[in-house]
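Spelled out from the first residue to the last, the chains are:
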Amino acid sequence: MALMKQLEEIAREDFQKSPYWMFYSGHNGEFDVATTLISQDHPAFHKRAPRLISTRYVLNNGRLLEGFLHEKAPHFYRHTLFVRNTGFETWFGFLPPSRDYIRCIYDMLNLAKDDVFPIRWESFGKEYSGTINGFGYLSNGVNTEIR
């Protein structure tokens, strides 16, 4: 059965059902293309559109986490990692995350920053891989990472 979800509803279990999700507006633009996702078994799914891809993350201390990346090759900034069923982002766009937010993530993981970063990752199907060195954001047009 083809799945359709809203971005804010997507959870770890959804990526266990379908490792690939695509943003979708419908044939007549009836859905919000920025928030509506279809699974890989939906008839309108195609690989050429940017996807959310199930990804495996290895924290610096060796702990394994599941999550997903927002495909935008060759730049892979946007990652969501699941801790139980709660996700946290590693990319914050134009503003850096607050120190309180970063501390909240470390507390949720029950780890220190050097236990978390760098994070090695590999997407489902081994299409993509890389390293996340810290929480990322743009500062004066330059990608910046903080821990």
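Owing to the predicted nature of the structure, the values given are computational and were not obtained by experimental measurement.

(A) Structural view of the pattern of salt bridges. What the rule picks out here adds up to 6 salt bridges. Between Arg51 and Glu71 there is a salt bridge, and its shortest N-O distance comes to 2.9 Å. Linking Arg51 in strand S4 (residues 51-58) with Glu71 in the loop between strand S5 (64-70) and strand S6 (79-83), this pair joins segments that are 20 residues apart in sequence. Across the pair, Glu71 and Arg51 agree in class, each one buried. Across the salt bridge formed by Arg51 and Glu127, the nearest N and O atoms sit 2.9 Å from each other. Taken together, the residues span a long stretch of sequence, with Arg51 in strand S4 and Glu127 in the loop between strand S8 (119-123) and strand S9 (129-132) at a distance of 76 residues. The class of Glu127 is partly exposed, set by a relative accessible area of 35%. Shared partners join several salt bridges into a network, and the residues in it are Arg51, Glu71 and Glu127.

(B) How the structure looks around the pairing of strand S3 (residues 36-39). Residues of S3 alternate between two faces, with Thr36 and Ile38 on one and Leu37 and Ser39 on the opposite face, all of them buried. Of the pairings in the sheet, the one linking strand S1 (residues 4-6) to S3 comprises 3 bridges and is antiparallel in character. Looking across to S3, one finds that Met4 is bridged to Ile38. Relative to S3, strand S2 (residues 20-23) runs antiparallel, the two being bridged by 3 bridges. The residue bridging Trp21 from the neighbouring strand is Ser39, located in S3.

(C) Up close: the packing of aromatic side chains. A complete count under the given rule lists 13 aromatic pairs for this structure. Judged by centre distance (4.5 Å) and plane angle (45°), the rings of Phe76 and Tyr128 are tilted. You can see Phe76 sitting in the loop between S5 and S6 and its partner Tyr128 sitting in the loop between S8 and S9, a full 52 residues away along the chain. Given a relative accessible area of 18%, Tyr128 falls into the buried group. Aromatic rings pair up to connect Phe92, Tyr101, Tyr106, Phe117 and Phe135 into one cluster.

(D) Structural view of the side chain of Arg51. Since its relative accessible area comes to 3%, Arg51 is described here as buried. Not counting residues within four places of it along the chain, the set of residues in contact with Arg51 comprises Tyr20, Trp21, Phe45, Leu69, His70, Glu71, Glu127 and Tyr128.

(E) Structural view of the nonpolar core. Core analysis: the largest hydrophobic core is formed by 30 residues, its most contacted members being Tyr57, Leu109, Val116, Ile119 and Phe135. Broken down by element, this core gets its largest block of residues, 4 residues, from helix H2 (residues 99-109). Setting aside residues up to four positions removed in sequence, Ile119 forms contacts with Tyr57, Val58, Leu59, Leu81, Gly130, Thr131 and Ile132. With 8 residues, the next largest nonpolar core counts Ile10, Trp21, Leu37 and Leu52 among its residues.

(F) A look at the environment of Phe31. Note that Phe31 resides in the loop between S2 and S3. On the basis of relative accessibility, which here comes to 31%, the residue Phe31 falls in the partly exposed class. Between the C-alpha atoms of Phe31 and Glu66, which are 35 residues apart in sequence, the distance is 28 Å. In contact with Phe31, not counting residues within four places along its chain, are Met4, Tyr24, Ser25, Gly26 and Thr36.

The rules behind each value
- Residues numbered from 1 in each chain as written.
- Predicted model: local features only at pLDDT ≥ 70, side-chain atom pairs only at ≥ 80, totals over all residues.
- Heavy atoms only, no water.
- Salt bridge = Lys/Arg side-chain N within 4 Å of Asp/Glu carboxyl O.
- Helix = DSSP H or I, 4+ residues; strand = E, 2+ residues; numbered from the N terminus.
- Buried < 20%, exposed > 50% of the residue type's maximum accessible area, 1.4 Å probe, protein only.
- Pairing = 2+ DSSP bridges.
- Phe/Tyr/Trp six-rings, centres within 6.5 Å; stacked < 30°, edge-to-face > 60°.
- Contact = heavy atoms within 4.5 Å.
- Core = buried A, V, L, I, M, F, W, Y, C linked by side-chain atoms within 4.5 Å.

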